[in-house]
Amino acid sequence: MHYFRRKGWELPESAATPEAVMQAARPGLSRRQTLLVGAGAATALSLRPARARDQATTDALHPYPRNAAYAVERPLTAENIAANYNNFYEYGTTKSIAAAAQQLQTRPWLLRIDGLVEKPFEIGIDELILAMPREERLYRFRCVEAWSMTVPWSGFPLRALLDYAKPLGSAKYVRFETFLDPKMAPGQRAPFYPWPYVEGVTMAEAGNDLAFLVTGAYGKPLAKQFGAPIRLALPWKYGFKSIKSIRRISFVAERPKGLWEALQPSEYGFWANVNPEVAHPRWSQASETVLGTNDRIPSRLFNGYGEFVAGLYTGLERERLWA
Ligand code: MTE
């Protein structure tokens, strides 16, 4: 994600990756990947005990059965490409955070459900996964930075969690919050970001068939850099809405303000639906670079998911739906 630097929380110039470098690196992925392979090899040994501690009781449930209703016309992005090109600012501001993200401890992991619900509760991630209708879906994913990928996510519909959580009629929005633990996530020591990462959707969006809580990818438990043990996938919206490593889900009456919206509201808003005709203030959204092949393809309204979601926005035309 790019944003204008401002006083107070601003990133020192020396710590930033110049945009020209990122652009130059993007085409082949090779420089980043070379760096990453080196970093991964260096940390593999020291991380082994942490992995052993992490064994979760629901890992053996993978692969989840594929739901053929969610197919894609594009080839899937190779796993090693998708798993080595990530935005996860808790672990750094580059795309090469996979090695650093192995510090994330995903068990035990308590998810808190609160706010406007019949009864607030906490539930262990494995207990929740066991209680949910699990499936795999193939989804397109479009980042606001104009790159895209296609991923086999496994998880369960967000609507199943709504049914489980029993929100009150007064709930208007669902607010998601990532963990807050600067010891486990060095990026959270950077004071210029309003941690923890927060995102939100309306109740109607949360109940849409496409809204999906992800606990795995590529037929396996979710890799840490993808936002283990549980993240969101909202494929018709720009990728920053798909919050990772969720610790708390709250039902609220007020519209939640996401981390990027809090940081740069002129560039990142609440709705963030994909629209190729509405440019980001600093770049076009008309096309996107496909991770892995580097093909430049036209972007699509609602990322091609209009038939599922366009109806959510009738009557909301005066809202800033596209950024
Ligand atoms: N969630 C958290 N907690 N922290 C983040 O930095 N980045 C967002 C989103 N969710 C982010 C996050 C952005 S900008 C994108 S594009 C996607 O995660 C990237 O998901 P991926 O790494 O699986 O491609």
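From a predicted model like this one, the values you see are computed outputs, not experimental measurements.

Draft legend 1. Fine view of the site of the ligand. Close to the ligand lie 19 residues, the nearest being Asn-86, Tyr-89, Glu-90, Ser-242 and Lys-244. A distance of 2.7 Å is found between an oxygen atom of the ligand and a backbone nitrogen or oxygen belonging to Tyr-89. Coverage of the ligand by the protein chains reaches 100% of its 540 Å² of free accessible surface. When its residues are assigned to classes, the shell around the ligand shows 11 nonpolar, 5 polar and 3 charged.

Draft legend 2. Spatial organisation of the side chain of Ser-299. Here Ser-299 shows up in the loop between β12 (296-298) and α8 (306-309). On the basis of relative accessibility, which here comes to 8%, the residue Ser-299 falls in the buried class. Side chain to side chain, Ser-299 and Arg-142 meet in a polar contact 3.1 Å long. Sequence-distant contacts of Ser-299, that is, excluding residues within four places in its chain, are made with Arg-142, Pro-276, Gln-285, Ala-286, Ser-287 and Glu-288.

Draft legend 3. Summary view of the environment of Ala-100. Positionally, Ala-100 belongs in the loop between α3 (79-82) and β1 (110-115). Taking the C-alpha atoms as reference, Ala-100 lies 8.5 Å from Ala-185; in sequence the two are 85 residues apart.

Draft legend 4. Local environment of the pairing of strand β7 (residues 212-217). The buried fraction of β7 is high, at 6 of 6 residues. Both strand β4 (residues 147-157) and β7 contribute to a ladder of 5 bridges, which runs antiparallel. Within β7, the residue paired with Ser-154 across the bridge is Gly-216. Direction of pairing for β7 relative to strand β8 (residues 220-221): antiparallel, over a ladder of 2 bridges.

Draft legend 5. Summary view of unusual backbone geometry. Residue Pro-63 is reached from His-62 by a cis peptide bond, and omega for that bond is -5°. As for its placement among the helices and strands, Pro-63 is situated in the loop between α2 (30-53) and α3. A positive phi angle, near 45°, is found at Ser-245, a position not held by glycine. Tracing the backbone shows Ser-245 in the loop between β9 (231-233) and β10 (246-252).

Draft legend 6. Structural context of the sheet that holds strand β6 (residues 198-202). Reading across the sheet, the 5 strands line up as β2-β1-β10-β5-β6 and stay open at both edges, with mixed pairing between neighbours. Among the strands making up the open sheet, the edge pair consists of β2 (121-124) and β6. Each neighbouring strand pair of the sheet contributes to a mean axis angle of 20°, computed without reference to strand direction. Of the strand pairs in this sheet, β1 and β10 are connected by 4 bridges, and their pairing is parallel. The residue bridging Arg-112 from the neighbouring strand is Arg-248, located in β10.

Draft legend 7. Up close: helix α5 (residues 158-165). For α5, every residue scored as buried is listed here: Leu-158, Ala-160, Leu-161, Leu-162 and Ala-165. Lys-166 sits one or two positions beyond α5 and adopts a positive phi of about 55°.

Draft legend 8. View of the environment of Tyr-268. Note that Tyr-268 resides in the loop between α7 (259-263) and β11 (287-290). Sequence-wise, Tyr-268 and Ala-323 are 55 residues apart; in three dimensions their C-alpha atoms are separated by 5.5 Å.

Draft legend 9. Expanded view of the pairing of β11. Residues Ser-287 and Thr-289 line one face of β11 and the alternating positions Glu-288 and Val-290 line the opposite face, and both faces are buried. One ladder, built from 2 bridges, connects β4 with β11; its direction is parallel. Residue pairing for β11: Trp-147 is matched across the bridge by Thr-289. Relative to β12, β11 is paired through 3 bridges, and the arrangement is antiparallel. In the strand pairing of β12, Thr-289 is matched with Arg-296. Between β11 and β12, which follow one another and run antiparallel, lie 5 residues, and Gly-292 among them has a positive phi close to 100°.

Draft legend 10. Examining the pattern of salt bridges more closely. Under the definition given, this model contains 19 salt bridges. Among the ionic pairs, Arg-300 bridges to Glu-73, the shortest N-O distance being 3.6 Å. A residue pair is termed long-range when its members are at least 10 positions apart, and Arg-300 in the loop between β12 and α8 and Glu-73 in the loop between α2 and α3 qualify at 227 residues. Across the salt bridge formed by Asp-209 and Arg-159, the nearest N and O atoms sit 2.9 Å from each other.

What counts as what
- Residues numbered from 1 in each chain as written.
- Predicted model: local features only at pLDDT ≥ 70, side-chain atom pairs only at ≥ 80, totals over all residues.
- Heavy atoms only, no water.
- Near = heavy atom within 4 Å.
- Polar contact = N/O pair within 3.5 Å; in protein donor to acceptor, adjacent residues only side chain to side chain.
- Areas by Shrake-Rupley, 256 points an atom, 1.4 Å probe, with all protein chains shown as cover.
- Nonpolar A, V, L, I, M, F, W, Y, C, P; charged D, E, K, R; others polar.
- Helix = DSSP H or I, 4+ residues; strand = E, 2+ residues; numbered from the N terminus.
- Buried < 20%, exposed > 50% of the residue type's maximum accessible area, 1.4 Å probe, protein only.
- Contact = heavy atoms within 4.5 Å.
- Pairing = 2+ DSSP bridges.
- Axes fitted to C-alpha atoms, helices over the stretch in contact; angles between N-to-C directions.
- Salt bridge = Lys/Arg side-chain N within 4 Å of Asp/Glu carboxyl O.

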